[in-house]
Structure formats: structure tokens, C-alpha cells
Amino acid sequence: GYLVFKDICGDAAYADTLLDHAKTLWDFGIKNQGKYSQSVPAGGFYESYNVTDENCWGSLWLYKVTGEQKYLDEAKKWYDPAPDWGMSWDDVIIGNQILMYNLTGDAQYLPPIEGTFKEWLPGGSVPYTPKGLAFR
């Protein structure tokens, strides 16, 4: 929300409020590791399978906004270079891979992105329907 309210809506004061809350939530999440579905009944639907990608994701976005090294350092702890299963509400590994590369420009982060797309493009491990839709 910070970037939207700061850059698009032009409401820097509200953007700063959102950033303060994001930092507070990030601190809480890093200090109190656990899946939300362990504390909120998910009823068998939308359960979380890990926290690593979310920890990296939040850290990367806070690094992008603040430039504070501690966020990048934390993101690197949680970064997963494996080809991603797919982007979803519970899986943002490919997002982390792209954002990490964009923020650092470090060439070591490019092969994981390529690996994910090789899996998803025709000829990779992801099956396609006869009409060309990739699916898992």
C-alpha cells in the first residue's frame, strides 16, 4: 500500500502510516515464526505450507521501500533458488526470485528465474492441455 499511496495517490502521510505498520508487522512476524493456519482455523482450505517465501517477500518489499540493509539481509536468509511450483496465494517464490534480481542486479539470482520459466514453458515439466493451457 505504501507505494500506491505515495506514488499514485499522492498521500505521503498515509503512505508513511502504512509503512510504519508494515515495519511493525514485519518485526512481529520475524520474531514470532509460524503459519497463520496454525492459529486461524482454515477448515482444510487455504492452509499455509511454510513461511519461508512470505518472510523473503515481506523483507524484499521493505528493502525496496526503505533501502535498509537489514531487510535485504533477512530476505537472503529465506530466499529459495529452486524452480517454483507456481505463483499463488501461498507461494511467492518466483516473485521473490524476480524481485531479488531486480533489487540487487546480482547475476546469481538470474538462473533461478530462468529455471522456473523453463519448467513452465512448453517442453518443461508442467503439462499443457490440448489447447495450450499450462496447468498443475
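Residues numbered from 1 in each chain as written. Predicted model: local features only at pLDDT ≥ 70, side-chain atom pairs only at ≥ 80, totals over all residues. Heavy atoms only, no water.

Asker: How would you explain the overall build of the chain if you had to name every residue and give the values?
Answerer: When you go through the chain residue by residue, the secondary structure sums to six helices and zero strands. Of the regular secondary structure in the chain, the N- to C-terminal order runs α-α-α-α-α-α. If you line up the chain on its principal axes, its C-alpha atoms span 50 × 40 × 30 Å. Across the chain, every contact between residues at least 6 apart in sequence was considered, and the portion connecting residues at least 24 apart equals 46%. About 8600 Å² of surface is accessible on the chain, with carbon and sulfur atoms providing 60% of the total. (Helix = DSSP H or I, 4+ residues; strand = E, 2+ residues; numbered from the N terminus. Contact = heavy atoms within 4.5 Å. Areas by Shrake-Rupley, 256 points an atom, 1.4 Å probe, with all protein chains shown as cover.)

Asker: Residues and numbers for helix H6 (residues 110–120), please.
Answerer: When H6 is considered as a whole, its buried residues turn out to be Pro112, Ile113, Gly115 and Thr116. The buried residues of H6 occupy an angular sector of 160° when the element is viewed end-on, so they sit on one face. Along its buried surface, H6 packs onto helix H5 (93–104). (Buried < 20%, exposed > 50% of the residue type's maximum accessible area, 1.4 Å probe, protein only. Arc of directions from axis to C-beta.)

Asker: Account for the nonpolar core, with residues named and values stated.
Answerer: Nonpolar side chains in soluble globular proteins generally cluster together in the buried interior. Core analysis: the biggest nonpolar cluster contains 15 residues, and Leu60 and Met100 have the highest contact counts within it. If you list the elements that add at least two residues to this core, you get helix H2 (12–31), helix H3 (52–66), helix H4 (69–78) and H5. Take this core: its biggest share by element is four residues, from H3. The contact partners of Met100, leaving out residues within four places of it in the chain, are Leu60, Leu72, Ala75, Lys76, Tyr79, Gly105 and Tyr109. (Core = buried A, V, L, I, M, F, W, Y, C linked by side-chain atoms within 4.5 Å.)

Asker: Can you tell me about the environment of Tyr63, naming the residues and giving the values?
Answerer: By secondary structure assignment, the location of Tyr63 is in helix H3. The spacing of Tyr63 and Ala75 is twelve residues in sequence and 8.7 Å in space, taken between C-alpha atoms. For Tyr63, the contacting residues outside a window of four places in its chain are Glu68, Gln69, Tyr71, Leu72 and Leu103.

Asker: An account of the packing of H5 against H6 is needed here, citing residue identities and associated values.
Answerer: With their axes 9 Å apart at the nearest point, H5 and H6 run at an angle of 145° to one another. Seen from above, H5 lies across H6 with left-handed handedness. Side by side, H5 and H6 meet where Ile94, Gln97, Ile98 and Tyr101 of the first sit next to Leu110, Pro112, Ile113, Thr116 and Phe117 of the second. (Axes fitted to C-alpha atoms, helices over the stretch in contact; angles between N-to-C directions. Left-handed = near helix turned anticlockwise from the far one by under 90°.)

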